[in-house]
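Residue-level listing of the chains:
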Amino acid sequence: MDVKKLFDLSGRVAIISGGATGLGRQMAEGLAEMGANLVLCARKKERCLAAAEELQKHGGQVLALGCDVKVPSSIKEVVDATVKKFGRIDILINNAGTSWGAPVETMTLEQWNKVIETNLTGTFLFSQAVGKVMISQRRGKIINIASVAGLRGSSPTLSAIGYSSSKGGVIIFTKDLACKWGVHNIQVNAIAPGWFPTDMSDKVIERNREVLLAGIPLGRFGGPDDLKGAAVFLGSDASDFVTGHTLVVDGGQSA
Ligand SMILES: NC(=O)c1ccc[n+]([C@@H]2O[C@H](COP(=O)([O-])OP(=O)(O)OC[C@H]3O[C@@H](n4cnc5c(N)ncnc54)[C@H](OP(=O)(O)O)[C@@H]3O)[C@@H](O)[C@H]2O)c1
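Residues numbered from 1 in each chain as written. Predicted model: local features only at pLDDT ≥ 70, side-chain atom pairs only at ≥ 80, totals over all residues. Heavy atoms only, no water.

### Points about empty space enclosed by the protein
Phase 1 of the analysis: According to the stated counting rule, one finds one cavity of 30 Å³ or more in the structure shown.
Phase 2 of the analysis: The volume enclosed by the largest cavity comes to roughly 40 Å³.
Phase 3 of the analysis: Examining the composition of the lining of the largest cavity, we find that four residues originate from one element, helix 5 (residues 109–137), more than from any other.
Phase 4 of the analysis: For the lining of the largest cavity, the class distribution of residues is three nonpolar, five polar and no charged. (1 Å grid on protein atoms, 1.4 Å probe; cavity = no way out; pocket = protein on both sides within 12 Å on 5 of 7 lines; lining within 4 Å. Points joined across faces, edges and corners; volume = space filled by probe spheres on them. Helix = DSSP H or I, 4+ residues; strand = E, 2+ residues; numbered from the N terminus. Nonpolar A, V, L, I, M, F, W, Y, C, P; charged D, E, K, R; others polar.)

### Comments concerning the packing of aromatic side chains
Phase 1 of the analysis: Applying the stated rule across the entire model yields one aromatic pair.
Phase 2 of the analysis: An angle of 35° between the planes, with centres 6.3 Å apart, marks the rings of Phe 7 and Phe 233 as tilted. Here the residue Phe 7 occupies a position in helix 1 (residues 3–7), and Phe 233 occupies one in helix 8 (residues 228–235), the gap between them amounting to 226 residues.
Phase 3 of the analysis: The exposure class of Phe 7 is partly exposed, given its relative accessible area of 28%.
Phase 4 of the analysis: Here Lys 85 stacks its cationic end above the ring of Phe 86, 5.6 Å away from the centre of that ring. (Phe/Tyr/Trp six-rings, centres within 6.5 Å; stacked < 30°, edge-to-face > 60°. Buried < 20%, exposed > 50% of the residue type's maximum accessible area, 1.4 Å probe, protein only. Lys NZ or Arg CZ within 6 Å of the ring centre and 35° of its normal.)

### Some words on the packing of helix 5 against helix 6 (residues 161–181)
Phase 1 of the analysis: At their nearest, the axes of helix 5 and helix 6 sit 8 Å apart, and the two run at 20° to each other. Considering the angle they form, helix 5 stands roughly parallel to helix 6. The two elements helix 5 and helix 6 cross, and the hand of that crossing is right-handed. On helix 6, the residues that touch Trp 112, Val 115, Ile 116, Asn 119, Leu 120, Thr 123, Phe 124, Ser 127, Gln 128, Gly 131 and Ile 135 of helix 5 are Ile 161, Gly 162, Tyr 163, Ser 165, Ser 166, Lys 167, Gly 169, Val 170, Phe 173, Leu 177 and Trp 181.
Phase 2 of the analysis: Grouping the constituent residues of the contact of helix 5 with helix 6 by class yields 12 nonpolar, nine polar and one charged. (Axes fitted to C-alpha atoms, helices over the stretch in contact; angles between N-to-C directions. Parallel < 35°, antiparallel > 145°, perpendicular 65-115°, else oblique. Left-handed = near helix turned anticlockwise from the far one by under 90°. Contact = heavy atoms within 4.5 Å.)

Nothing here speaks to function; it is all geometry.
Right, here's the structure in full:
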């Protein structure tokens, strides 16, 4: 097949949790630019509606829904609404995420649980609900947003052990699910971004800017186009023989 066709997403249907802001928004834009229809969902529905209005300019249809990835019934509503409108689901990006900064000694169980439930359990619940549709279609692409924080330990100045643990969990979840669902022709991969300025990371980047930059061989933070290629590749036919992989996009930070 022609390589441009392999990357083409015309008419494909993609759900992106947390797709109204930050990295989710960037990946949604990349998929829309390649022709995909989108479903954006997050707790703040009004931000999804605003993003949907802008992303529609690329020509595809965009559905904006409220959703809490910690709540199975809320995920089911998104899946049902997507199937009702589009009749299928080709791509799921489990991007919704949160973090909590506190030393290990003082982090409360409530803080730990909130991060694990959003980042890891939310990824499981959404994959399970969408997977049922993908299994019946005998095709699908699941892209889990991990982090370089899930690859190795970090210094005591970056105190977010719940976050690192959740992202390490997302990486092994990705590998295991890839092994389980290869038989259904579903590719399951992860992206591990390095530092990108967003609502979630802005304060940490501001406090540690020079130290962080010194650890990034390309000498800069991730920008507004740096994740698009990875998302389009893993969402398209170009990656049909790639599964269980974690694609690191970090300017060389983990090299
Ligand atoms: N920025 C970085 O440097 C970096 C690096 C590595 C990995 N990541 C990962 O990239 C992903 C996106 O983060 P970001 O940096 O783009 O930050 P962000 O702009 O704060 O995005 C997080 C998104 O997740 C949504 N969300 C949070 N909790 C949710 C829940 N319970 N249910 C549904 N949606 C929820 C938020 O929307 P609502 O508040 O409206 O729900 C928001 O749209 C996260 O998984 C993060 O861990 C970021």
